[in-house]
Amino acid sequence: MLIVALPGEARLAGRLARLLRCGWSELRLHRFPDGETLVRIDAPVMGRCVVLAGSLNQPDGKTLPLLFAADAARELGASRVGLVAPYLAYMRQDHRFNAGEAVTSRSYARLLSASLDFLVTVDPHLHRWRNLGDIYPIRTQAVAAAPMIARWLRSHVDHPLVIGPDQESGQWVAEVARLTDAPWTVLGKTRLGDRDVQVTLADGGPWPGKTPVLLDDIISTGQTLVAAATALTQAGMAAPLCIGVHALFDSGALQRLQDAGVTRVVTCDTISHTSNAIRLAPLLARAVLAVSHHSTQGKPP
Ligand code: R5P
């Protein structure tokens, strides 16, 4: 097996290579003056299972180099070509919300699947799609961050109450709560625009003696968690701690959360960010082994 780091992803590739006891190499990129890109893989790939590694936040600039690299690996004789993308882009546009819109989750899946044999990711945003197989025809593994989040929670927070900011977060919240033996609830969210959300406390509360822990899969503008934290404190609860799986964080998101009074913001390391505290590489490595092993029909990678 060979891990090929997509631009800026040397740390992820190095960690995976160490855990999988294989080599890794950085994908070389050259931008021509006309804006086109040349990619080069600097390690032999003939007969090897090549695993491209890199998160797909800010995906538009990353996707063409990724596809070029996958095609190059295959043309140069790789036995299999896979992708470990701890954050998988475009999953939230899973419906034609307004007439004429593209359902980009499906288009993006078609695009990646044309060049890859397998895909490993972490907690993809599954809402209207039930699983990745609904749109990805290739072999996929969706790693659940819940066990690592629960482990972090057990060792850092006393008496947590795990709270999801919306119905969709129920899937992550319920599992983390189960693993930590904690109570849980979800709030009601209405999205009015990219940066405009309303969150209401449907019932229950204020749960005296509990430490409120807001948990969501994605923190992007931070507005969802800001609105949720505000709803909790207005209901008389203590200021919450926030945990996110994917730290997309647009500029100012962290500051907005701090201004809303949250006690701490913690994320998994699917996207490199100062809030990363929960490491997922061991789970990713295990998933790569499982999926690549399976896609070589029983032969070790
Ligand atoms: C949406 O369905 C996701 O689960 C997150 O709640 C959302 O993406 C968070 O975005 P933001 O931080 O911009 O409110």
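Conventions adopted
- Residues numbered from 1 in each chain as written.
- Predicted model: local features only at pLDDT ≥ 70, side-chain atom pairs only at ≥ 80, totals over all residues.
- Heavy atoms only, no water.
- Helix = DSSP H or I, 4+ residues; strand = E, 2+ residues; numbered from the N terminus.
- Rg over C-alpha atoms; globule rule 2.2 N^0.38 Å.
- Buried < 20%, exposed > 50% of the residue type's maximum accessible area, 1.4 Å probe, protein only.
- Contact = heavy atoms within 4.5 Å.
- Areas by Shrake-Rupley, 256 points an atom, 1.4 Å probe, with all protein chains shown as cover.
- Lys, Arg positive; Asp, Glu negative; His and termini not counted.
- Charge placed at Lys NZ, Arg CZ, Asp CG, Glu CD.
- Polar contact = N/O pair within 3.5 Å; in protein donor to acceptor, adjacent residues only side chain to side chain.
- Domains from an automatic or database assignment.
- Buried area = accessible area lost by both parts, 1.4 Å probe.
- Salt bridge = Lys/Arg side-chain N within 4 Å of Asp/Glu carboxyl O.
- Nonpolar A, V, L, I, M, F, W, Y, C, P; charged D, E, K, R; others polar.
- Near = heavy atom within 4 Å.
- Phe/Tyr/Trp six-rings, centres within 6.5 Å; stacked < 30°, edge-to-face > 60°.
- Axes fitted to C-alpha atoms, helices over the stretch in contact; angles between N-to-C directions.
- Parallel < 35°, antiparallel > 145°, perpendicular 65-115°, else oblique.
- Left-handed = near helix turned anticlockwise from the far one by under 90°.

(A) The overall build of the chain, seen in detail. Helix and strand content of the chain: eight helices and 15 strands. By the compact-globule yardstick of 19 Å for 301 residues, the chain fits well, its C-alpha radius of gyration being 20 Å. Taking all 301 residues of the chain together, the buried fraction comes to 52%. Considering only contacts within the chain whose residues lie at least 6 apart along the sequence, 64% involve residues at least 24 apart. Surface accessibility of the chain: about 14,000 Å² in total, with carbon and sulfur atoms responsible for 49%. Counting 30 positive and 26 negative side-chain charges, the chain places the averaged centre of each group 7 Å from the other.

(B) Focus on the side chain of Thr 270. Structurally, the position occupied by Thr 270 is in the loop between strand E14 (265-268) and strand E15 (276-278). Given a relative accessible area of 4%, Thr 270 falls into the buried group. A polar contact is formed between the side chain of Thr 270 and the backbone oxygen of Val 245, at a distance of 3.2 Å. Excluding anything up to four places from it in sequence, Thr 270 contacts Ser 55, Pro 86, Tyr 87, Val 122, Val 245, His 246, Ala 247 and Leu 280.

(C) Geometry of the domain arrangement of the chain. By domain assignment, the chain separates into domain 1 (2-144 + 280-294) and domain 2 (146-278). Here the C-alpha centroids of domain 1 and domain 2 sit 28 Å apart. On the domain 2 side, the residues contacting the 16 residues of domain 1 number 18 residues. Together domain 1 and domain 2 conceal approximately 1,500 Å² of surface at their shared face, both sides included; 59% is due to carbon and sulfur atoms. Linking domain 1 with domain 2 are one salt bridge, by the criterion used here. Residue Arg 15 pairs with Asp 269 through a salt bridge whose shortest N-O separation is 3.1 Å. Scanning the region where domain 1 abuts domain 2 turns up 10 residue pairs in polar contact (both at pLDDT 80 or more). Along the lines of polarity and charge, the residues of the side of domain 1 that touches domain 2 split into eight nonpolar, four polar and four charged.

(D) Structural detail: the environment of Asp 123. Here Asp 123 is to be found in the loop between strand E6 (118-122) and strand E7 (139-143). Spatially, the C-alpha atoms of Asp 123 and Lys 62 are 20 Å apart, while their sequence positions differ by 61 residues. Those residues in contact with Asp 123, other than ones at most four positions away along the chain, are Val 143, Ala 144, Ala 145, Ala 146, Trp 172, Val 245 and His 246. A polar side-chain atom of Asp 123 sits 3.5 Å from a polar atom in the side chain of Trp 172.

(E) Expanded view of the site of the ligand. Surveying the vicinity of the ligand reveals 15 residues, the closest of which are Asp 216, Asp 217, Thr 221, Gly 222 and Thr 224. Contact distances for the ligand include 2.5 Å between an oxygen atom and a side-chain N or O atom of Asp 216. One of the side-chain nitrogen or oxygen atoms of Asp 217 is found 2.6 Å away from an oxygen atom of the ligand. Taken by itself the ligand offers 380 Å² of open surface, and the protein chains cover 94% of this. Of all the secondary-structure elements, those providing two or more residues to the shell around the ligand are strand E10 (188-193), strand E12 (211-219) and helix H6 (223-234). The greatest single-element share of the shell around the ligand, amounting to four residues, is contributed by E12. Class assignment of the residues belonging to the shell around the ligand gives a composition of two nonpolar, six polar and seven charged.

(F) Spotlight on the packing of aromatic side chains. For the coordinates displayed, the defined rule picks out one aromatic pair. Judged by centre distance (5.0 Å) and plane angle (55°), the rings of Tyr 90 and Tyr 108 are tilted. With Tyr 90 in the loop between strand E5 (80-85) and helix H3 (104-113) and Tyr 108 in helix H3, this pair connects stretches of sequence that are 18 residues apart. Its relative accessible area of 6% is what places Tyr 108 among the buried residues.

(G) Inspection of the packing of helix H4 (residues 146-156) against helix H5 (residues 170-180) at higher detail. The geometry of H4 relative to H5 is characterised by a closest axis approach of 9 Å and an angle of 50° between their N-to-C directions. By the criterion of interaxial angle, the relationship of H4 to H5 is oblique. The interaxial crossing formed by H4 with H5 has right-handed handedness. Side by side, H4 and H5 meet where Ala 146, Pro 147, Ile 149, Ala 150, Leu 153 and Arg 154 of the first sit next to Glu 175, Val 176, Leu 179 and Thr 180 of the second. Grouping the amino acids of the contact of H4 with H5 by side-chain chemistry returns seven nonpolar, one polar and two charged.

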